[in-house]
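Summary of the model geometry
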Amino acid sequence: MLKQPTPETASLVHKRVSDPLPVQIFLIGLMLLFFIGFIFLPLGLVFAQAFQKGWSVYLESITESYAVEALKLTLTTVAIVVPLNAFFGVTAAWAITKFNFVGKAALKTLLDLPFAVSPVIAGLIFVLLVGSRIPFGSWLGEHGIKIIFSTPGIVIATLFVTFPFVVRELIPLMEAQGRDEEEAALTLGARGWQIFAKITLPNISWGLLYGMILCGARSIGEFGAVSVVSGHIRGQTNTVPLHVEILYSEYNFAASFAVASILVFLALLTVGLKVTMEKKFQKNSSHH
Amino acid sequence: MGIELQDITKKFGSYTAIDDISLNVASGELVALLGPSGCGKTTLLRIIAGLELPDAGKIILENKDTTNLPPRKKNVGFVFQHYALFRRMTVFENVAFGLTVLPHKERPSRTEIRDRVEHLLKMVQMEWALKRYPSQLSGGQRQRVALARALAVNPKVLLLDEPFSALDAKVRQELRRWLRKLHDEIHVTSIFVTHDQEEALELADRIVVINKGKIEQQGTPQEVYDHPANAFVYNFLGNVNVFHGRIHNGKVTLGSHRVDAPDELKHSEEKPSRTFVRPHEIGISRIRSSDTDLTGTIKEVRLMGGQIGLNLECEGFEHPIEAEIPRDLYINLQLSRGEKVFVSLNRVKVFTGDYAI
Amino acid sequence: MGLFQTKRRNILPGFGLSMGYTVFYLSAIVIVPLSMIFFNTFPMGWDPFVHAVTAPRVLASYRLSFSTALFAALFDAVAGLLTAWVLVRYRFPGKQFLDALVDLPFALPTAVAGICFATLYSPVGWLGETLTKWNITIINSATGIVIALVFIGFPFVVRTIQPVLEEVEREIEEAAHCLGATRWQTFRKILLPHLFPALLTSSTLAFARGIGEYGSVIFIAGNLPMKTEIAPLMIMSKLDQFDYAGASAVALVLLLISFSMLLVLNGVQEWQQKEYR
């Protein structure tokens, strides 16, 4: 029979490898200080400012027609961007993890490219694409398709900025899972789409959802890129973050923070979802 | 003929994994592909299954050329080293998978599927685990489910890729015997890949020894073990003592001794030779029984379960000789470290030429 | 095994389709648009290009962006290491909550972060009021920019170090202990070298992000020419003047710097992996 460690011996073992209590308290305190300055104060500030003139002003600010239009535009953008990048993420991850080909490492680096690009540049390139002398842009212009200073411009700039999120979650996950299950399905007579739908997709579902949440959060909050392409036309090409900016620059702080509080709420929701997903993740990968 | 491989070659870049292998497996036979890791045995198995494509050669399964068929049309059952069970499916769903992905016309009814899955799971003694997920099973249980899953599609050929290597020793033995029994019952043409000579010797009807992408020897376990075709096979099939020497005038040098060369080498010209003796084919006694006996000193005694391992320093030999004797003999002779004994090499095998191992 | 080799048929299906779509989508969304920077810069010729990117105001903005991003990355390395350490090693109430909040800077729209810091540190703000009494100005200064960038880069460092710290085997530390090393020695000689690649990678990421960051910075920076004007803002103001070529010239320099930094980082990582495998 193995002896179960008694609580005393267990804590002794624990003590030996962990830091002395004063050190722990000091370091935790230091971290808390950082959190207060950089997380809690800003969060608290948003709500304090948002409600400084009371509930009615708050409600008015977030139900005012420009705010509602901005929210609609933001949600439309998310609804287009997330599925497109998710579809791409799955496709690219399939190509990269299930096959061997020359140039795989280079392709993976290219997928990360948008991370290294400043949001302002991300916006700039689409302005250049359309405004420039290249045939495609002028063709679009002639056919009355307005990309810049309109919803398509916002969508495409957001697509660029959030491009890597899903695929970056999926590639390591699918690499870790290997090709064994797909090959097993193949020898059992499954066709391509059956393998994908019955084996691969269920195996990556949490990772996919996780990537989509990150992608969604970024799409809601993107500011720099959207700011360049939008043209700031109120009620038409204003996303929620842009609306916050405009209100702020008009010194309408209460309204600005009221609208911002929606974004804070969404950010907290994202963080909460992320934690939940990660727990699911661990559960599902625990036996592997 | 169950499986016919004709001149299979497979290269990965500049590395030749399979070098012009031809092999026939009779229907209902259980064949082991035995070789060290990296010898190409798994690649060969994957080629048969269609999971890799050969650069040259033909694969004929049940008299039908399947070289260019995709895996799903080959009708082979494949058991993976790490089981490759579908982790998001229950045991039942796993085993039923091959039937549920059949086109509508060929797909059995739900009750037929259920019956077949239950029958298979009973056969592999896993019927109690229908609703479990793979993560809830032990390694041995998972491998049995994987086997049931492979058998569900009534494969013409069953291919097993190191099926027991991820299991611990005791489970491995159990499952090995159980697989032999199962094969005797269902008689599906099977090939399994292994690097464990014991497993191959115990389980297979026929052993194919592979090294560096080529077949070194094939035959029944008895043949391969008793008459190894070359030094590699001899060496790979068990522990050996190797003596480097020369063959000359019908005699082989062993250390400072000279012994009669085996018949087939009696008239060989002078050349380097290597003499192999298995540890359990070495006799130990207290009294000299023939002139050729060596005298040795016991340097080390190792308990190895039913056998006792002896490390002997013999007169005229540079390196110590390893011997294995039954425990009873060891007790009867009252041996211990430092004692002098007489050593007879009961069966020696001599190879000439520069065969690299 | 080549990409366009026809001889080797792939066993799993869908390679052509998925690869084709990947290349198409990548080109349409990323490669072609990004190439616009080059197409718009090249026609302007070498001298005007040099003139555009070495104008004093532009140079000042590069300098500011780099120095603030560097300070912020260094600060993040320390704060991130501390946070990762506390979250992985210690047990205290509310730990999970704090752990979750590490991601907030990532999830929070940058504009919101921007107005928050600008308000907090304004002369009448919660923190600004006190600081003003001590004659410390944060708003409209490089310090303000650093604060915003610290916020943005923080999750990158913590989230990269956490898993590495978690997988350090207790036994290695215990072995060091048994060999007579003190806690501090163990940390310095065993743990820190082990964490260093992750620390370097993540702070470089934070640095790269910091150089390009816009939304959280512009509110607190005050955007005074030559003083608190960051490089992305230079691009923005050139665009506002319809100086497309100028904007893309400034962008090109910024891009080349970020890319070469990430390339070096990739190289370092590969080298590290080879060393330790």
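Residues numbered from 1 in each chain as written. Chains lettered and ligands numbered in written order. Predicted model: local features only at pLDDT ≥ 70, side-chain atom pairs only at ≥ 80, totals over all residues.

1. Regarding the overall build of chain C
As a reminder of what qualifies: Secondary structure elements are defined from DSSP: runs of H or I of at least 4 residues count as helices, runs of E of at least 2 residues count as strands, and each element is numbered from the N terminus. With C-beta atoms placed from the backbone, a residue is labelled by how many other C-beta atoms lie within 10 Å of its own: buried for 20 or more, exposed for 12 or fewer, partly exposed between the two. Each residue is represented by a C-beta atom placed from its backbone, and any two residues with such atoms within 7 Å are regarded as in contact.
Summing up its helical and strand segments, chain C has 13 helices and 0 strands in all. N-terminal to C-terminal, the α/β element order of chain C is α-α-α-α-α-α-α-α-α-α-α-α-α. Dimensions of chain C, computed from C-alpha atoms along their principal axes, come out at roughly 75 × 65 × 30 Å. Buried residues in chain C amount to 43% of all 277 residues. Put simply, 78% of the contacts in chain C that link residues at least 6 apart link residues at least 24 apart.

2. Brief notes about the overall build of chain A
A count of helical and extended segments in chain A gives 14 helices and 0 strands. When the helices and strands of chain A are placed in sequence order, the string is α-α-α-α-α-α-α-α-α-α-α-α-α-α. Out of the 288 residues in chain A, the part that is buried amounts to 47%. Partitioning the contacts of chain A with sequence separation of at least 6, the portion at a separation of at least 24 is 77%.

3. Quick look at the nonpolar core
Test applied: The term nonpolar core means buried Ala, Val, Leu, Ile, Met, Phe, Trp, Tyr and Cys residues held together as one set by C-beta atoms within 7 Å. The source of the domain bounds is an automatic or database domain assignment.
Counting residues in hydrophobic clusters, the biggest one holds 156 residues, and the most contacted among them are Leu124(A) and Val112(C). Top element by residues in this core is helix α4 (residues 65–98) of chain A. It accounts for 16 residues. When residues of this core are assigned to domains, at least three map to each of domain 1 (22–51) and domain 2 (54–285) of chain A. Membership of the second largest hydrophobic core comes to 105 residues, among which are Val79(B), Val91(B), Ala96(B) and Met126(B).

4. So, the interface of chain C and chain A
For clarity, the threshold we go by: Under the scheme applied here, ten amino acids are nonpolar (Ala, Val, Leu, Ile, Met, Phe, Trp, Tyr, Cys and Pro), four are charged (Asp, Glu, Lys and Arg), and all others, including Gly, are polar.
With 76 residues of chain C at the interface, the matching set in chain A holds 76 residues. Of all the elements, helix α1 (residues 15–41) of chain C adds the most residues to the side of chain C that touches chain A, at 15 residues. Its residues placed into classes, the side of chain C that touches chain A shows 55 nonpolar, 15 polar and 6 charged.

5. Things to note about unusual backbone geometry
The phi angle at Glu62(B) is positive, at roughly 50 degrees, despite the residue not being glycine. Mapped onto the secondary structure, Glu62(B) falls in the loop between β4 (56–61) and β5 (64–65). For Asn135(C), which is not glycine, the phi torsion reads 65 degrees and is therefore positive. Counting through the fold element by element, Asn135(C) comes out in the loop between α7 (128–133) and α8 (142–167).

6. What about the pairing of strand β18 (residues 321–326) of chain B?
Keep this limit in mind: Note on pairing: DSSP must find at least two bridges between two strands before they are called paired.
Side chains Ile321(B), Ala323(B) and Ile325(B) of β18(B) all project onto a buried face; the interleaved residues Glu322(B), Glu324(B) and Pro326(B) project onto a face where none is buried. Following strand β17 (residues 307–314) of chain B, the chain reverses through 6 residues before pairing antiparallel with β18(B); Gly316(B) in that reversal takes a positive phi of roughly 85 degrees.

7. Describing the sheet that holds strand β6 (residues 76–79) of chain B
Hydrogen bonds between backbone atoms are what pair the strands of a sheet, whose relative direction is either parallel or antiparallel. All names here are of chain B. So the rule is basically this: Simply put, an axis is a line fit to the C-alpha atoms, just over the touching stretch for a helix, and the angle between two N-to-C directions goes from 0 to 180 degrees.
Strand order in this open sheet of 6 strands is β6-β7-β8-β3-β9-β10, and the pairing throughout is mixed. Each edge of the sheet is formed by a strand with only one pairing partner; in this case those strands are β6 and β10 (214–219). Strand-to-strand, the axes of this sheet are offset by a mean angle of 15 degrees, without reference to chain direction. Here strand β3 (residues 30–34) runs beside strand β9 (residues 206–211); their pairing, made up of 4 bridges, is parallel. Along β9, the bridge assignment pairs Ala32 with Ile207.

8. Some remarks on the domain arrangement of chain A
If you check the domain split of chain A, you get domain 1 (22–51) and domain 2 (54–285). Partitioning the side of domain 1 of chain A that touches domain 2 of chain A into residue classes produces 5 nonpolar, 1 polar and no charged.

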